[in-house]
Amino acid sequence: MLGYAFRRLLTTIPVLWIAITACFFILRLAPGGPFDGERPLPAAVKANLAAYYGLDDPLLVQYFSYLGGVLRGDLGPSFTTADFSVAEQIAIGLPYTLIIGSLAFVLAVVLGVLAGVLGALYRDRVADWAIAALILLGLVLPNFLIAPILQLVFGLTLDWLPVGGWGGGALTHLVMPVTVLALPHIARISRLMRGALIEVMNGQFIRTATAKGLSRATVIRRHALKPALTPVVSYLGPAAGYLLTGSIVVETIFGLPGIGRYFINAALNRDYGMVLGTVVFYMVLIVILNLLVDLLYAWLDPKVRT
Amino acid sequence: MSAEAGYDDPDTRPLDSARSTRGRDAWRRFRRNRAAMTGLVLLCLILLAACIGPFFTPFDNETPDWSAFRAPPSLEGGHWFGTDQNGRDLLARTLQGTRVSLAVAAVATLVAVMIGVVFGAIAGYVGGRLDQAMMRFVDVLYALPYILFVILLMVIFGRNVYLLFAAIGCLEWLTMARIVRGQTLSLRQREFIEAARAAGLSSTAIVRRHIVPNLVGPVVIYAALTVPEIVATESFLSYLGFGVQEPLTSLGTLIAEGTDVFEVLPWLLWFPAAFLVTLLLSLLFIGDGLRDAFDTRGRG
Amino acid sequence: MSVRPLALVTALALCAIGTTPLHARTLNMQNGGDLTSMDPHQLSGDWENRIAGDIFEGLITEDIQAEPIPGQAESWEISEDGITYTFTLREGLTWSDGEPVTADDFVFALRRLMDPANAADYAYLQYPIKNAEGINAGEIEDVTQLGVRAIDERTLEIELERATPYFLGALTHYTAYPLPQHVLEEHGDDWVKMENIAVNGAYKPIEWIPGSHVLTEKNPSFHDAENVSIEGVKFFTLEDQAAAFKRYRAGEFDILTDLPKDQFAWMQENIPGQARVEPFAGLYYYVVNQTEPPFDDARVRQAFSMAVNREVIGPQVLGTGEIPAYSWVPPGMAGYGEPETVDWMELPYPEKVAEAKALLEAAGHGPDNPLSVQLRYNTNDNHKRVAVAIASMWKPLGVEVELYNTETKVHYDELSRGILQIARAGWLADYNDADNFLNLLKGGVDYNYGRYQSDEYDRLMNEATAEPDADKRIELLHQAEEVALDDSAAIPIYYYLSENVVSPKVQGFESNAFDIHRTRWLSLTD
């Protein structure tokens with residue numbers, strides 16, 4: 001297991017390096033980017049660019065100093081918020097995104113697995129159909145549609161929850177954003193879980209176990225869950241990525257100062273420094289999360305470790 | 001997904017049977033799936049409405065009706081879905097939006113299929129080192145947050161609807177490539193491929209005559225399941241402001257604009273949302289139906 | 001229990017209370033965009049002005065009606081020729097860190113503003129000061145040549161290029177704020193960090209989370225602190241109008257600085273009096289590129305301008321009733337009287353369209369040679385609506401309009417580089433004088449995006465600037481406006497409205513043409 005982990009780590013690093021290099025060159029060489037001579041920039045921004053990117057140095061020197069900066073955690077200046085560098089803004093926004101994201105992740109896994117198991121156990125009965133209907137809605141309705149409706153219903157009409165804002169992390173302020181973020185993943189995970197569990201339950205060795213006289217609950221717990229979880233776990237990697245990108249919408253609508261919000265404001269304001277820095281950061285984060293998921297997968301299914 | 005029973009070898013079929021009995025069986029199973037059939041019917045209706053509807057609607061999608069700004073839906077007034085804040089007929093706009101969303105989805109899926117199939121087939125067929133390298137490449141790309149790249153590209157290159165199609169297509173080919181490669185790998189090991197090679201068929205001929213036809217199943221299924229994702233991605237980008245630009249519109253844009261005003265002008269949200277939900281649900285049911293139909297391991 | 005543990009516990013409790021600032025009640029204001037910096041020299045937006053104007057104060061400041069009143073200066077004298085202003089600062093003024101505010105701080109700040117190395121966007125506002133333009137343009141190398149001089153600790157002398165009637169008003173702008181020289185010298189660029197910054201306004205900033213909010217609290221060293229009622233302000237960065245309005249209704253915001261136009265009718269019915277829509281000294285217009293065909297022909301320009309049905313834009317397209325603009329200068333500019341208007345203003349709309357068609361044909365763009373143009377606007381729902389509406393108004397002229405939108409920064413960047421055919425632009429008054437707007441059409445000015453070039457116009461404008469007699473000057477400005485309107489130099493569309501939503505709990509929010517409401521004049525009733 002340790003050897004597998006080590007090997008995966010070794011392959012992760014070149015991945016990151018390629019991605020970061022790609023980002024550097026996209027920004028440097030793309031027409032319409034800040035380095036394009038055609039593009040007019042305010043003088044202050046030009047000064048920032050020159051200072052950070054060392055524009056007079058040869059390209060390779062710039063590249064290595066950029067790489068060095070990234071390793072040091074210095075992601076460059078933000079072009080639209082003069083008082084805070086990219087790294088400083090990410091450091092400020094990260095806790096918000098992580099808190100919402102991890103809560104949504106946990107919620108998605110717990111509710112998704114639960115809904116999937118229930119759906120599989122009570123197949124084709126009323127409960128299954130009811131859950132399936134809700135699941136479908138969660139899959140199909142975009143989150144920027146669900147969020148304002150929830151805000152209206154729970155925030156204004158019923159006045160049970162605050163409409164937006166962080167409120168110092170109070171639970172009431174977290175309920176809606178986390179739910180909206182988790183919804184599509186609850187849906188997908190439950191579909192995967194249900195399908196996989198049904199398949200496993202019909203398999204040969206489950207029938208043997210049942211024939212042996214083990215109770216249904218034990219059969220499920222001991223033999224069916226683990227293999228049925230594999231498609232769910234393999235979804236978790238991309239899910240982490242989707243959660244991060246989904247948080248962009250949630251943070252915007254609910255007014256939470258997370259990284260997603262910074263990213264989209266930077267994109268709309270053509271703050272290339274911030275956009276690039278955020279993309280690099282997201283990549284690092286997602287690659288690490290994927291690595292963790294791979295390791296989890298390997299633990300669940302030893303055949304993968306070869 | 002490659003159970004023996006379901007495999008169709010063109011060289012050992014009885015000569016007088018139809019091109020794909022497997023296909024016929026699958027169609028029969030599909031037809032029995034009520035949800036899938038409903039989805040198919042609805043999808044066809046929507047496609048019909050989107051394509052030929054504009055010839056029958058009383059108003060077009062861009063001329064403001066100065067006597068009816070922000071008008072609620074009314075049958076007598078002629079604006080069956082109401083009008084928007086620029087006096088444009090919502091029915092026409094919704095149909096336009098549906099066309100655009102479907103076009104984006106179709107082009108993006110096509111791009112994804114073409115790249116994915118070629119990539120996956122080559123990797124699976126050639127195997128060995130090349131396969132390892134190509135799959136590593138896919139793994140690398142899989143890990144990256146593609147939406148962010150798409151947005152980064154749009155920021156740099158400006159908002160171009162063709163760039164949008166291409167970018168979304170490039171998001172989806174990875175999984176297609178993986179599936180195709182997996183299928184190709186297992187096909188390659190069949191004895192009949194050895195036999196074909198022994199008989200002197202070139203590699204390209206083998207790929208063309210034996211492998212590609214058997215890829216149709218999984219590719220179609222996956223494509224059907226991806227389209228909802230693509231429509232959702234396009235809505236997401238439109239909501240953020242990176243999608244199609246005026247005067248073009250898409251279902252995502254219409255819904256995004258509608259959510260801002262749904263308390264005072266609710267029709268601006270409900271009609272496009274109904275179209276989007278129906279479209280996505282139909283696609284979902286069809287995709288599920290196809291998958292169940294082609295998969296011969298009894299699902300009980 | 002012995003004393004020591006008790007003392008310890010009490011001390012800890014006091015610390016806990018002390019670390020969370022105790023405001024009786026913070027004013028919650030939705031402020032739109034994020035602040036660029038705490039440094040006033042880096043600002044350019046009206047949302048940034050709201051914060052800067054609370055934490056800093058210049059020689060002159062704004063009263064509850066946004067009229068200029070003494071700020072840091074308690075009195076001043078103006079020389080006979082109107083060129084030399086001598087200000088006497090109040091006694092005992094200090095920065096929030098205790099250091100005294102001196103005339104040197106003003107000299108330091110203005111020199112820094114004009115120094116081209118700092119690239120302050122708005123430096124041009126203080127060009128009336130002697131040598132300011134020369135220094136800022138790099139022609140005069142020595143910054144100390146600027147016409148600002150500290151005679152002693154409390155006396156400041158400012159020399160102008162020529163008599164400028166609106167100069168006192170211009171001094172209320174954030175470009176004229178003093179800066180804490182001692183902090184800048186000690187910390188350099190880091191002077192803006194919360195732990196270093198020192199301010200002289202009614203409030204001081206205590207927290208800034210980019211993308212979320214700026215939090216300020218009452219500044220006890222402010223010279224009028226005893227009359228400042230509100231304990232602190234939380235400026236929320238939130239551009240999503242719909243979400244902001246929901247939070248306002250839930251009581252989470254007290255003031256919105258922009259209102260979702262589609263909800264205006266709803267607001268008037270359900271929360272009457274809270275939506276404040278007032279005339280605002282600003283002009284919304286379309287600029288046309290006159291350096292190339294077809295808009296180098298005045299007939300084409302006039303045709304396009306005539307075909308715009310301005311009367312429906314405010315009431316129908318936008319819903320808040322903006323007033324059509326047939327002049328260049330908005331009504332209400334100091335001493336200007338009634339602005340000039342285009343000759344064809346009173347024609348009924350169908351006749352305007354007919355004449356527009358005739359003009360286009362005469363210019364060679366009849367039905368056999370229809371025009372195809374690109375209309376640019378910056379990404380915003382309202383600009384989009386207006387653009388779509390106006391595009392449909394040009395359609396009967398046979399014109400095909402391509403709509404093109406980009407983000408605000410890009411939009412204005414490209415305009416200043418002359419990349420446009422027709423583009424939307426807007427201008428809000430920086431100071432209370434008509435030439436603020438008339439300058440937009442002057443030759444050689446950056447903001448003259450359409451590159452309108454008229455020797456007669458420039459001559460009249462230059463004469464007006466040099467004219468010492470106030471009435472004659474106004475007359476010359478009127479003549480210039482007439483020239484521009486006859487030439488159809490650009491297409492004015494409507495006059496802005498300031499739009500705020502103010503909770504009944506807030507007192508002192510008085511409507512004014514500049515939409516400036518300094519928090520020191522406000523109070524909360526709950």
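Residue numbering note: each chain is counted from 1, following its sequence as written. Labels follow written order: the first chain is A, the first ligand is 1, and so on. Reporting in this predicted model follows two pLDDT cut-offs: at least 70 for local features of residues, and 80 or more for side-chain atom pairs to be given and counted; totals over whole chains, interfaces and linings ignore these cut-offs and use all residues.

Structural notes on the overall build of chain C
Numbering of helices and strands starts at the N terminus; helices are DSSP runs of H or I of at least 4 residues and strands are runs of E of at least 2. On a plain count of helices and strands, chain C comes out with 16 helices and 19 strands. In summary, chain C has a C-alpha radius of gyration of 25 Å against a globular reference of 24 Å for 526 residues, a match within 12%. Oriented by its inertia axes, the alpha-carbon framework of chain C measures out at about 100 × 55 × 35 Å. Once C-beta atoms are placed from the backbone, each residue is buried if 20 or more other C-beta atoms lie within 10 Å of its own, exposed if 12 or fewer, and partly exposed for counts between those two. Counting every position in chain C, which comprises 526 residues, the buried fraction comes to 47%. Within these notes, the globule rule equals 2.2 Å times the number of residues to the 0.38 power, and the radius of gyration is based on C-alpha atoms.

Observations regarding the overall build of chain A
Counting its regular elements, chain A contains 11 helices and 0 strands. The linear arrangement of helices and strands in chain A, starting from the amino end, is α-α-α-α-α-α-α-α-α-α-α. Restricting the contact set of chain A to residue pairs at least 6 apart, pairs at least 24 apart contribute 72%. Residues are defined as contacting one another if the C-beta atoms placed from their backbone atoms lie within 7 Å.

Focus: the packing of helix H9 (residues 298-306) of chain C against helix H11 (residues 349-362) of chain C
Residue and element names in this part refer to chain C. The interhelical angle for the contact between H9 and H11, taken along N-to-C directions, is 160°, at an axis separation of 8 Å. By the angle between their directions, the pair H9 and H11 is classed as roughly antiparallel. H9 and H11 meet at a crossing whose hand is left-handed. Residues Arg299, Val300, Gln302, Ala303 and Met306 of H9 lie in contact with H11, whose contacting residues are Lys352, Glu355, Ala356, Leu359, Leu360 and Ala362. Under the grouping applied here, Gly and all other residues not named as nonpolar or charged are polar, the nonpolar ones being Ala, Val, Leu, Ile, Met, Phe, Trp, Tyr, Cys and Pro and the charged ones Asp, Glu, Lys and Arg. Taken together, the residues that form the contact of H9 with H11 break down as 7 nonpolar, 1 polar and 3 charged. Orientation is described by lines fitted to C-alpha atoms, with helices fitted over the stretch in contact, and by angles between N-to-C directions that extend from 0 to 180 degrees. Should an angle fall under 35 degrees it is called roughly parallel, over 145 degrees roughly antiparallel, and 65 to 115 degrees roughly perpendicular, with every other angle called oblique. By definition, turning the near helix anticlockwise from the far helix through less than a right angle yields a left-handed crossing, and turning it clockwise yields a right-handed one.

Concerning unusual backbone geometry
At the junction of C:Pro293 and C:Pro294, the peptide bond is cis and its omega measures out at 0° in the coordinates. Along the polypeptide, C:Pro294 turns up in the loop between strand E12 (275-288) and H9. One non-glycine residue, B:Arg70, lies in the positive phi region at around 55°. Of note, B:Arg70 is situated in the loop between helix H2 (34-52) and helix H3 (90-126). The exposure class of B:Arg70 is buried, given the 20 C-beta atoms found within 10 Å.

Overview of the interface of chain A and chain C
Taken together, the contacts link 31 residues of chain A with 27 residues of chain C. Contributions of two or more residues to the side of chain A that touches chain C are made by helix H2 (43-53), helix H4 (86-121), helix H6 (143-157), helix H9 (216-254) and helix H10 (259-268) of chain A. Among the elements that take part in the side of chain A that touches chain C, H6(A) stands out by supplying 5 residues, more than any other. When grouped by side-chain class, the residues that make up the side of chain A that touches chain C number 16 nonpolar, 12 polar and 3 charged.

Here's the deal with the pairing of strand E17 (residues 491-502) of chain C
Residue and element names in this part refer to chain C. Judged by how many residues are buried, E17 sits mostly within the fold: 11 of 12 residues are covered. Relative to E17, strand E11 (residues 255-256) is paired through 2 bridges, and the arrangement is antiparallel. By the bridge assignment, Ile255 is partnered in E17 with Val502. DSSP-based pairing: two strands are paired if at least 2 bridges between them are found. Note: E12 against E17, 9 bridges, orientation antiparallel. Each bridged residue has a counterpart across the sheet, and for Leu283 the counterpart in E17 is Tyr495. Of the pairings in the sheet, the one linking strand E13 (residues 323-324) to E17 comprises 2 bridges and is antiparallel in character. Note that in E17 the partner of Pro324 across the bridge is Tyr494.

Considering the nonpolar core
Buried Ala, Val, Leu, Ile, Met, Phe, Trp, Tyr and Cys residues form a nonpolar core when they are connected through C-beta atoms within 7 Å. A:Val275, B:Met176 and C:Ala307 are the most contacted members of the largest nonpolar core, which totals 311 residues. Tallying contributions element by element places helix H10 (residues 267-294) of chain B first for this core, with 17 residues. Those residues within four positions of A:Val275 in sequence are excluded, and the remaining contacts are A:Phe263, A:Ala266, A:Ala267, B:Leu152 and B:Val155.

Re the interface of chain B and chain A
Note: interface size is frequently given as the accessible area lost on complex formation between the parts. Taken together, the contact between chain B and chain A spans 28 residues of the former and 32 residues of the latter. Of all elements in the fold, only helix H4 (128-143), helix H5 (146-157), helix H8 (203-240), helix H9 (251-260) and H10 of chain B reach the threshold of two or more residues within the side of chain B that touches chain A. With 7 residues, the top contributor of residues to the side of chain B that touches chain A is H5(B). Residue composition of the side of chain B that touches chain A, by class: 22 nonpolar, 5 polar and 1 charged.

Some details on the sheet that holds strand E4 (residues 73-78) of chain C
Residue and element names in this part refer to chain C. The 4 strands are arranged E4-E5-E7-E6 in an open sheet whose pairing can be described as antiparallel. The open sheet has two edge strands with one neighbour each: E4 and strand E6 (148-152). The mean inter-strand angle of the sheet, taken between neighbouring strand axes irrespective of direction, is 25°. Relative to strand E5 (residues 84-89), E4 is paired through 5 bridges, and the arrangement is antiparallel. Across the sheet, Trp76 pairs through a bridge with Phe87, a residue of E5. Relative to the sheet, helix H3 (residues 103-114) contacts E5, E6 and strand E7 (155-159), its axis offset from that of E6 by approximately 165°.

Looking at the confidence of the model for chain C
Per-residue confidence from the predictor is reported as pLDDT, a score between 0 and 100. Per-residue pLDDT for chain C averages 89, and the proportion of residues at 70 or more is 95%. Every residue in residues 6-23 of chain C scores below 50 in pLDDT, and together they form 6 contacts with partners more than four places removed in sequence or on other chains.

So, the environment of A:Ile99
Residues and elements named next belong to chain A. Within the secondary structure layout, Ile99 lies in helix H4. Overall, the presence of 17 C-beta atoms within 10 Å leaves Ile99 in the partly exposed class. A sequence separation of 70 residues divides Ile99 from Gly169, and the C-alpha atoms of the two residues are 9.1 Å apart.

Considerations on helix H2 (residues 46-55) of chain C
All names here are of chain C. Of all 10 residues in H2, 7 are buried, a share of seventy percent or more. Within H2, burial applies to Glu48, Arg50, Ile51, Ala52, Gly53, Asp54 and Ile55. Looking at the buried positions of H2, the neighbouring elements they touch are strand E8 (203-209), strand E9 (213-218) and strand E10 (232-236).

A look at the packing of helix H10 (residues 310-318) of chain C against helix H12 (residues 381-394) of chain C
All names here are of chain C. Where H10 contacts H12, the two axes come as close as 11 Å, and the packing angle between them is 125°. Taken as axis vectors, H10 and H12 run oblique relative to one another. Here H10 and H12 pass one another in a crossing that is right-handed. Seen from H10, the contacting residues are Ile313, Val317 and Leu318; seen from H12, they are Asn382, Arg385, Val386 and Ala389. Looking at side-chain class alone, the contact of H10 with H12 contains 5 nonpolar, 1 polar and 1 charged residues.

Observations concerning the pairing of E5(C)
Remark: a regular strand shows side chains that alternate across the two faces of the sheet. All names here are of chain C. The alternating pattern of E5 places Tyr85, Phe87 and Leu89 on a buried face, while none of Thr84, Thr86 and Thr88, on the opposite face, is buried. In this structure, the hairpin formed by E4 and E5 is closed by a connection of 5 residues, where Gly82 is found at a positive phi of approximately 75°. Bridge analysis of E5 against E7 gives 5 bridges, and the strand direction is antiparallel. Residue pairing in the sheet places Thr88 in a bridge with Thr155 of E7.

Brief notes about the confidence of the model for chain A
One rule of thumb: low pLDDT means the predicted coordinates there are not for detailed reading. Of the residues in chain A, 86% reach a pLDDT of 70 or more, and the chain-wide mean stands at 79. Highest mean pLDDT in chain A belongs to H4(A) (89); lowest belongs to H2(A) (67).

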